[in-house]
Amino acid sequence: MIATLLAATLAMAGLAPVAPAAQPPTPAEIMSLPDPLRQQFHARVLSMPRGSEQRLRRMVEFLFSPDDLGMSYDIDANHTIAEAYATRKANCLSFTLLAIALAREAGLQAYGQQIDETLAWRQEQDTLYRTHHVNAGVLIQHRQLTVDVAWDQVIARKPPRRISDTRLLVHYYNNRAADLLEAGRLDDALRYASVAKTLDPAYAVTWSNTGVVHLRHGDPVKAEQHYLHALQLNPQDPGALSNLAAHYQRTGNTAAAARLQARLQRVQAMDPFHHFLLGVRHEREGDFEQAVRDYRQAIKLFPDEHRFHFGLARVYFQMGDNRRAGKALVRAEHLSEGDHRQLYHAKLDALRRLRH
């Protein structure tokens, strides 16, 4: 299974370039609006009519318009608000922090939202990163609106849930710890991880991530302690289960490793994204029959995701089963919109021409 192929799993909300060594910024420094940004925002947005929806609409234009901020999405840009303003780049987390700060400056009720079950993975060296996704929610007259820089790039199973500013900041410190881990700056990584633990000691992901840093730092005892504590906080955390199972396997405690692997498999059995990734893997390896089973299981758990049906269609086509490929493509087209729907429609037309 994919999660067990690698040494460790980190749950994140995006990766970022690593700055020179320094003390972690305070929460206030992360969220602070630079004076030039505040002045520009007041002049370009707050001078407009005061209606809440009009202000929100103008704020979104201000964020993206080349004549204003012209922000662009960059998965590596895990910035403070000041850094996002200076570079005009942000990942989902930094963009969310910026949007929340500006919305509050405009007198709107804004907050962070998190989507826990998403499909967004990244592999670096021996570490697998599974990401969460965050965006900004705005409440206007009992209507919940969302501002999201990467809404079309994330496969989500469930709607976003509201989270605190503290959890958003914990994501920032966890992400920076992961960046520093990747860069081999382990002491700096531990400093950022320590801030995350202090801010929200009940968040299992932080403890599992910190265990990975301790393991890379040459301290498997502390790593094990952190994995165990993560599982006390969340017995079904897949990262902690995978990391602790791998630890026990390395240290020769095969019975404990097997028990954890069994728990992990039960968690993964109910995860459609896990089955989808297995399908992608088996499709690339040419094991089409297994890929069909994987994609069909993903569809059983999450029937409304068009990419799952498209994966199934690809495999059927490679197996020469154009009839089933066509049925899967029809379903993918029905569930999709925009560019995806046009793509599926074109492939259906090509498949129909093949039949004739």
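Rules and cut-offs
- Residues numbered from 1 in each chain as written.
- Predicted model: local features only at pLDDT ≥ 70, side-chain atom pairs only at ≥ 80, totals over all residues.
- Heavy atoms only, no water.
- UniProt positions renumbered as here; feature names shortened; annotations may be inferred.
- Helix = DSSP H or I, 4+ residues; strand = E, 2+ residues; numbered from the N terminus.
- Core = buried A, V, L, I, M, F, W, Y, C linked by side-chain atoms within 4.5 Å.
- Buried < 20%, exposed > 50% of the residue type's maximum accessible area, 1.4 Å probe, protein only.
- Contact = heavy atoms within 4.5 Å.

Things to note about the UniProt feature "repeat: TPR" (unreviewed entry) in the chain
Taken from the UniProt record, the annotation "repeat: TPR" (unreviewed entry) applies to residues 204–237 and 272–305. Helix makes up 79% of residues 204–237 and strand 0%. Its end C-alpha atoms lie 7 Å apart. For residues 272–305, the end-to-end C-alpha separation is 10 Å, with 82% helix and 0% strand making up the annotated structure.

Overview of the nonpolar core
One finds Leu37, Phe41, Met59, Leu63, Leu69, Leu98 and Leu102 to be the most contacted residues of the largest nonpolar core, which totals 69 residues. For this core, the leading source of residues is helix α5 (residues 92–105), giving 10 residues. Those residues in contact with Phe41 that sit more than four places away from it in its chain are Leu46, Met59, Phe62, Leu102, Glu105 and Ala106. Counting residues in each nonpolar core, the second largest holds 22 residues, with Val292, Tyr295, Leu329 and Leu351 among its members.

Regarding the environment of Thr166
By secondary structure assignment, the location of Thr166 is in helix α6 (residues 165–182). Each C-alpha atom, one on Thr166 and one on Leu199, is 6.7 Å from the other, the two residues being 33 residues apart in sequence. The contact partners of Thr166, leaving out residues within four places of it in the chain, are Leu199 and Asp200.

Quick look at unusual backbone geometry
Although it is not a glycine, Gln141 sits at a positive phi angle of roughly 50°. Checked against the element boundaries, Gln141 lands in the loop between β8 (133–140) and β9 (143–147). Of note in the backbone geometry, His142 takes a positive phi value of approximately 70° without being a glycine. One can find His142 in the loop between β8 and β9.

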